[in-house]
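Each chain, written out:
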Amino acid sequence: MHDIRLIRDEPAAFDAAMALRGVEPQAQRLIDLDARRREATSRLQEIETERNSKSKEIGKAKAQGDEDRFNALRSEVESLKSEMERLSEEARTAEEVLNQHLAALPNRPAEDVPEGKDESENEEVRGWGEPREFDFDVADHVTVGERLGLDFERAAAMSGARFAVLQGPLARLERALGQFMLDLQTTENDYRETSVPYMVRDDALFGTGQLPKFAEDLFRTTDDRWLIPTAEVPLTNLVRDSIHAEASFPIRMTALTPCFRSEAGSAGRDTRGLIRMHQFLKVELVSITTPEQSEDELERMTQCAEMVLRRLELPYRVMKLCTGDMGFSARRTYDLEVWMPSQNTYREISSCSTCGDFQARRMNARYRKEGEKKPDFLHTLNGSGLAVGRALVAILENHQQADGSVRIPEALQPYMGGLEVIEP
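Counting from 1, residues in each chain are numbered in the order their sequence is written. Per-residue local features are limited, in this predicted model, to residues with pLDDT of at least 70; the limit for side-chain atom pairs, both in listing and counting, is 80 or more; totals at the level of whole chains, interfaces and linings are taken over all residues. Side-chain descriptors were evaluated using all non-hydrogen atoms of the structure, hydrogens and water having been removed beforehand.

### Overview of the sheet that holds strand β5 (residues 199–200)
Next, step 1: Pairing in this open sheet of three strands is antiparallel, and the strands run β5-β7-β6 from one edge to the other. Both edges of this open sheet fall to β5 and β6 (219–220), since each of them pairs with a single strand only.
Next, step 2: With two bridges connecting them, β5 and strand β7 (residues 226–227) associate as antiparallel partners. If you follow valine 200 over to β7, its bridge partner there is tryptophan 226. Each pair of strands is called paired provided DSSP finds at least two bridges between the two strands. Comment: elements are numbered from the N terminus, with helices defined as DSSP H or I runs of at least four residues and strands as E runs of at least two.

Shown next as structure tokens:
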């Protein structure tokens, strides 16, 4: 959510920032809505003061036995009361409309975010590892996985497209990946493991920016709850409607959860395999910080996610997203893209973003600086550390062997009972 005061102070700058996100000028409309709200609120306060004054005069008129004045004043107070009710409704409606417009607008990009329309204009920041040269024909992860216990046919019979069944060592490998990622982030990177609900109410999704704009991307239950699209939602909402001490930051949390996405806008994309599923596992990283800490925390979070790929011996690159490719709530985003041999390209496996105070305003999440009375909005960050399914895909493809087996990265072997290779 945006601060209307900043829009009033710098309307041209706000419209320029929205233009970078592909949004038409909004500042004047927002300022007009705000003016209507402020005018109704101001007039309401004036009439309330007048009513209070006349109410006191009623008491005096009654004490003096001045019945005519008493009745006249009482009639005036009743009229003012009706006017107050009208203005109160007008102010409430104006504020509601203003907030609806503000809630529909994406976050402003940071000043150094590259300008661009789509992923083709993202900037590479750094890379790690060299893509492996194979001396045999590379198979994609579906072909490799089906030899090892990956079953799309029976999953589709039960649940439809974009679901999968994993069995045997492949199911264990998926579990091993999640446990390894959690252990790495909690024991080496100072994230606190957290178990969270997999269903949330409207307010939680509004707070992190999925509602109201992206309802079609979500699954809703019959009792008006939503299946979480990412653990970012419950983790970040742990600080909603609260005020934190400055000394408590940074707060770092992580969770391994299933994630549920309708993939409403992905018709025809990645229909084969595990890349884009309705249900998948992911280790999420969330940080809560002061404004002064958030940029450094984003760099740190990104490196924490990179560490997973290095331990899994997977080549990757870090991309700074352009204005046209960032998520709705993000102020700045780094994507980690892992090498996929069968596609001869890099594919996203993690996004790490700072949202500034954008989500905090929607959640009313604040902190109080030491020695100050007035609280301020805190900053939120989130990132994947990593998407388990896509990590599994990358391992199947990058570590496949000529005989159809898959080599287990050394970091995962303790989680696999010492197993070094999965064989068909």
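### A word on the packing of aromatic side chains
Next, step 1: Any pair of Phe, Tyr and Trp rings, taking the six-membered ring for Trp, is counted once the centres come within 6.5 Å. Such a pair is stacked with planes under 30 degrees apart, edge-to-face with planes over 60 apart, and tilted for the rest. For the structure on display, the rule yields seven aromatic pairs.
Next, step 2: Where phenylalanine 180 meets tyrosine 415, the ring centres are 6.2 Å apart and the plane angle is 75 degrees; that geometry is what we call edge-to-face. Remark: tyrosine 415 occurs in the loop between β17 (406–407) and β18 (421–422) and phenylalanine 180 occurs in helix α7 (residues 168–187); sequence separation between them is 235 residues.
Next, step 3: An angle of 75 degrees between the planes, with centres 5.7 Å apart, marks the rings of phenylalanine 249 and tyrosine 367 as edge-to-face. Highlighted residues: phenylalanine 249 in the loop between β8 (242–245) and β9 (251–260) and tyrosine 367 in strand β14 (residues 365–368), separated in sequence by 118 residues. Of the two residues, phenylalanine 249 and tyrosine 367, neither departs from the other in class, the shared state being buried.
Next, step 4: Taken together through their ring pairs, the aromatic side chains of Phe214, Phe328 and Phe358 make up a single cluster.
Next, step 5: A cation over an aromatic ring shows up here: arginine 362 above the ring of phenylalanine 206, its NZ or CZ 4.2 Å from the ring centre. Partly exposed describes any residue whose relative accessible area lies between the buried limit of under 20% and the exposed limit of over 50%, with all areas from a 1.4 Å probe on protein chains only and scaled to the type maximum. Criterion for a charge above a ring: Arg CZ or Lys NZ at most 6 Å from the ring centre, at most 35 degrees from the ring normal.

### Some remarks on the pairing of strand β12 (residues 332–340)
Where a strand is regular, its side chains alternate between the two sheet faces.
Next, step 1: Among the nine residues in β12, nine count as buried, and that is most of the element.
Next, step 2: Along β12, one buried face is formed by Arg332, Tyr334, Leu336, Val338 and Met340 and the opposite face, lined by Thr333, Asp335, Glu337 and Trp339, is buried too.
Next, step 3: Direction of pairing for strand β11 (residues 316–320) relative to β12: antiparallel, over a ladder of five bridges. Looking at β12, one finds that tyrosine 316 is bridged to valine 338.
Next, step 4: Summarising the sheet, β12 and strand β13 (residues 345–354) pair through nine bridges and their orientation is antiparallel. Of the residues in β13, the one forming a bridge with valine 338 is arginine 347.
Next, step 5: Counting the residues in the hairpin turn of β12 and β13 gives four residues, including asparagine 344, whose phi is positive at 55 degrees.

### A look at the packing of helix α2 (residues 11–20) against helix α3 (residues 27–63)
Next, step 1: For helices, the axis comes from a line fit to the C-alpha atoms of the stretch in contact; other axes are also lines fit to C-alpha atoms, and the angle between any two N-to-C directions lies between 0 and 180 degrees. Packing of α2 against α3 leaves a shortest axis separation of 9 Å and a crossing angle of 130 degrees. Taken as axis vectors, α2 and α3 run oblique relative to one another. Contact residues: α2 offers Pro11, Phe14 and Asp15, while α3 offers Ala27, Leu30 and Ile31.
Next, step 2: Each residue gets one of three labels, nonpolar for Ala, Val, Leu, Ile, Met, Phe, Trp, Tyr, Cys and Pro, charged for Asp, Glu, Lys and Arg, and polar for the others, Gly among them. Partitioned by chemical class, the residues of the contact of α2 with α3 number five nonpolar, no polar and one charged. With respect to orientation, any angle under 35 degrees is reported as roughly parallel, any angle over 145 as roughly antiparallel, any angle of 65 to 115 as roughly perpendicular, and every other angle as oblique. Two residues form a contact once any of their heavy atoms are found within 4.5 Å.

### Concerning a negative patch on the surface
Next, step 1: Negative charge collects at one region of the surface, where Glu115, Asp118, Glu119 and Glu121 lie side by side.
Next, step 2: Taking the relative accessible area as the measure of exposure, glutamate 115 reaches 61% and is therefore exposed. Patches in this entry comprise residues that are over 30% relatively accessible and not in a salt bridge; like charges within 9 Å are linked, as are nonpolar side chains (Val, Leu, Ile, Met, Phe, Trp, Tyr) within 5 Å. For the accessible areas, the method is Shrake-Rupley and the probe is 1.4 Å, while residue cover comes only from the protein chains on display. For this analysis, a salt bridge means a side-chain nitrogen from Lys or Arg found within 4 Å of a carboxyl oxygen belonging to Asp or Glu. In this tally, Lys and Arg are treated as positive and Asp and Glu as negative; His is ignored, and so are the chain termini. In this description, the location of a charge corresponds to atom NZ of lysine, CZ of arginine, CG of aspartate or CD of glutamate.

### What about the environment of leucine 314?
Next, step 1: Looking at the element boundaries, leucine 314 is found in the loop between α10 (294–311) and β11.
Next, step 2: We classify leucine 314 as buried; its relative accessible area is 0%.
Next, step 3: The sequence separation of leucine 314 and methionine 340 amounts to 26 residues, and the corresponding C-alpha distance is 9.4 Å.
Next, step 4: Discounting chain neighbours no more than four positions away, the residues touching leucine 314 are Trp128, Leu309, Val338, Ala394, Ile395, Asn398 and His399.

### A few points about the pattern of salt bridges
Next, step 1: Taken as a whole and judged by the stated rule, the model has 30 salt bridges.
Next, step 2: For arginine 5, the salt bridge goes to aspartate 3, with nearest N and O atoms at 3.1 Å.
Next, step 3: Since its relative accessible area comes to 11%, aspartate 3 is described here as buried.
Next, step 4: With a closest N to O distance of 2.1 Å, aspartate 112 and arginine 332 form a salt bridge. Taken together, the positions of aspartate 112 in the loop between α4 (67–103) and β1 (123–128) and arginine 332 in strand β12 put the pair 220 residues apart, joining distant regions of the chain.
Next, step 5: Given the relative accessible area of 8%, arginine 332 is considered buried.
Next, step 6: The network of salt bridges with common partners includes Asp3, Arg5, Asp357 and Arg361.

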